[in-house]
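Breakdown of the fold
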There are 2 protein chains.
Amino acid sequence: MGDTHDHDTTQRPFGEAVQDHYSEFAGHCYGCGRLNEDGLHVRSFPEGDEMVAHFRPRPYHTALPGLVYGGLIASLIDCQSTGTAAWAIYRSEGRHFDSDPPVRCVTASLHVDYVRPTPIDADLELRSTVVELKGKKVVVSTSLRAHGKECARGQVVAIRILEESPPVAG
Amino acid sequence: MGDTHDHDTTQRPFGEAVQDHYSEFAGHCYGCGRLNEDGLHVRSFPEGDEMVAHFRPRPYHTALPGLVYGGLIASLIDCQSTGTAAWAIYRSEGRHFDSDPPVRCVTASLHVDYVRPTPIDADLELRSTVVELKGKKVVVSTSLRAHGKECARGQVVAIRILEESPPVAG
């Protein structure tokens, strides 16, 4: 799993994050796939009606000196949101995310507002809530905080995929 | 400059891309900084009224198998857009981007619509146009294509920064 030992969330046991239960097919995502050795390994955990992830940027995830690259923030919000969307679908079906069949969502649209510069020497906390769940579509709202201050806000429209007929390029 | 030899755009001479002329202070961005050895090295070139960048995803930039990670697409759109915004400001001041003082913009908001799955075995072409330029604010629209088909559309609101009083965290 590469250098994930410096993530707070990877210190929690395997199986507690929704991404731990993505199928092998869906587990290679650069942002959150447990099977992608070069990836970011975003892991999202339920806390009441929210999903929470923590991420410690690498020193090279720079924007301007001392600040976190906005594309990394977009990536974290992306995977945290699709994870939250999957969790919401499991919940709507009355089951835990360790049950079959596994649920996986992909991103239809992503919006990020950069509220203030994000310090790179911080643990980033992402908290997400479900705004809407309608059929295969889930809208997720996310707040990213560092040192207790909100630095970015995200809104993602996620769509459930069917692994027997997954999206292909073309 | 890391493994940038597999980017089409890095085969063009240094000095032709707007990012080649970012200041040393602003040149460490993970997405487009020439001084970030671990970064993506997005480079944006003027073509008429458009800015163009090409990027070849690495094999590990996976979403689902065979498809490009959406967070990478957001990152490419982010840096291509802030580069386009800087270029627009240079143009509005009647000068080329090899002139002083260097211009650098940062992202206030980022929106990406994922139009269709993006193949990972493709050269990605990003084309950006300036939608609005008003003072320090520039709105940039971007289309990302692979194998001739549009796969994503982006809209970024970028803000010019003053390097003598750059944004800081807090």
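Heads up: these notes are all about the structure in this document. From a predicted model like this one, the values you see are computed outputs, not experimental measurements. Throughout, residues of each chain are indexed from 1 in the direction in which the sequence is written. The order in which chains are written sets their letters, starting at A; the order in which ligands are written sets their numbers, starting at 1. Since the coordinates come from a predicted model, pLDDT governs what is reported: local features require at least 70, and pairs of side-chain atoms require 80 or more to be given and counted, while whole-chain, interface and lining totals use all residues. Based on all heavy atoms of the structure, the side-chain values leave hydrogens and waters out of the count.

1. Some words on the interface of chain B and chain A
As a reminder of what qualifies: Here, residues are in contact when the closest pair of their heavy atoms is within 4.5 Å. Note on terms: buried area is the combined drop in 1.4 Å-probe accessible area of two parts once they are placed together, counting the loss on both. Here, a salt bridge means any Lys or Arg side-chain nitrogen found within 4 Å of an Asp or Glu carboxyl oxygen. Between N or O atoms, a polar contact is any pair within 3.5 Å; within protein, one atom must be a potential hydrogen donor and the other a potential acceptor, and residues adjacent in sequence are included only when both atoms are from side chains. Labels follow the DSSP assignment, with helices taken as runs of H or I lasting at least four residues and strands as runs of E lasting at least two, numbered in each case from the N terminus. Note that Gly is not counted as nonpolar here; it falls among the polar residues with everything else outside the nonpolar set of Ala, Val, Leu, Ile, Met, Phe, Trp, Tyr, Cys and Pro and the charged set of Asp, Glu, Lys and Arg. Following DSSP output, two strands are said to pair if at least two bridges run between them.
Taken together, the contacts link 43 residues of chain B with 43 residues of chain A. Summed over both sides, the interface between chain B and chain A buries roughly 3200 Å², with carbon and sulfur atoms accounting for 63% of that surface. If you sort the residues of chain B by the area they bury against chain A, Tyr30(B), Leu64(B) and Tyr69(B) come out on top, with a joint share of 21%. At the boundary of chain B with chain A, the tally comes to 0 salt bridges. Our count for the chain B to chain A interface comes out at 15 residue pairs in polar contact (both at pLDDT 80 or more). Per-element accounting of the side of chain B that touches chain A gives the leading share, 10 residues, to strand β3 (residues 104-114) of chain B. Classifying every residue of the side of chain B that touches chain A by side-chain character gives 24 nonpolar, 13 polar and 6 charged. Bridging between strand β3 (residues 104-114) of chain A and β3(B) involves 5 bridges; their strand directions are antiparallel.

2. A word on the relation of the copies chain B and chain A
Let me state the cut-off plainly: To superpose the copies, least squares is applied to the C-alpha atoms of every residue with a pLDDT of at least 70 in both.
Superposition of chain B onto chain A requires a rotation of 180 degrees combined with a translation of 0.0 Å along the rotation axis, giving an RMSD of 0.0 Å. On this basis, the relationship between the two copies can be described by a two-fold rotation axis. For chain B, the smallest separation between a C-alpha atom and the rotation axis is recorded for His111(B), amounting to 2.2 Å. When the interface residues of chain B are mapped onto chain A, 100% of them are again interface residues, pointing to one common binding face.

3. So, the sheet that holds strand β1 (residues 45-47) of chain B
Our working definition: In this description, a line fitted to the C-alpha atoms serves as the axis of each element, helices being fitted only across the stretch in contact, and the angle between N-to-C directions of two axes falls anywhere from 0 to 180 degrees.
Strand order across the open sheet formed by 12 strands is β1(A)-β2(A)-β4(A)-β5(A)-β6(A)-β3(A)-β3(B)-β6(B)-β5(B)-β4(B)-β2(B)-β1(B), with antiparallel pairing between neighbours. In the strand order of this sheet, the two ends are held by β1 (45-47) of chain A together with β1 of chain B, each with one partner. Pairs of neighbouring strands in the sheet enclose a mean axial angle of 30 degrees, with direction left out of account. The sheet contact formed by β1(B) and strand β2 (residues 50-55) of chain B spans 3 bridges and is antiparallel. In the strand pairing of β2(B), Pro46(B) is matched with Met51(B). Strands β1, β2 (50-55), β3, β4 (124-134), β5 (137-146) and β6 (149-161) of chain A together with β3 of chain B of the sheet are contacted by helix α1 (residues 70-92) of chain A, whose axis makes an angle of about 135 degrees with β3(A).

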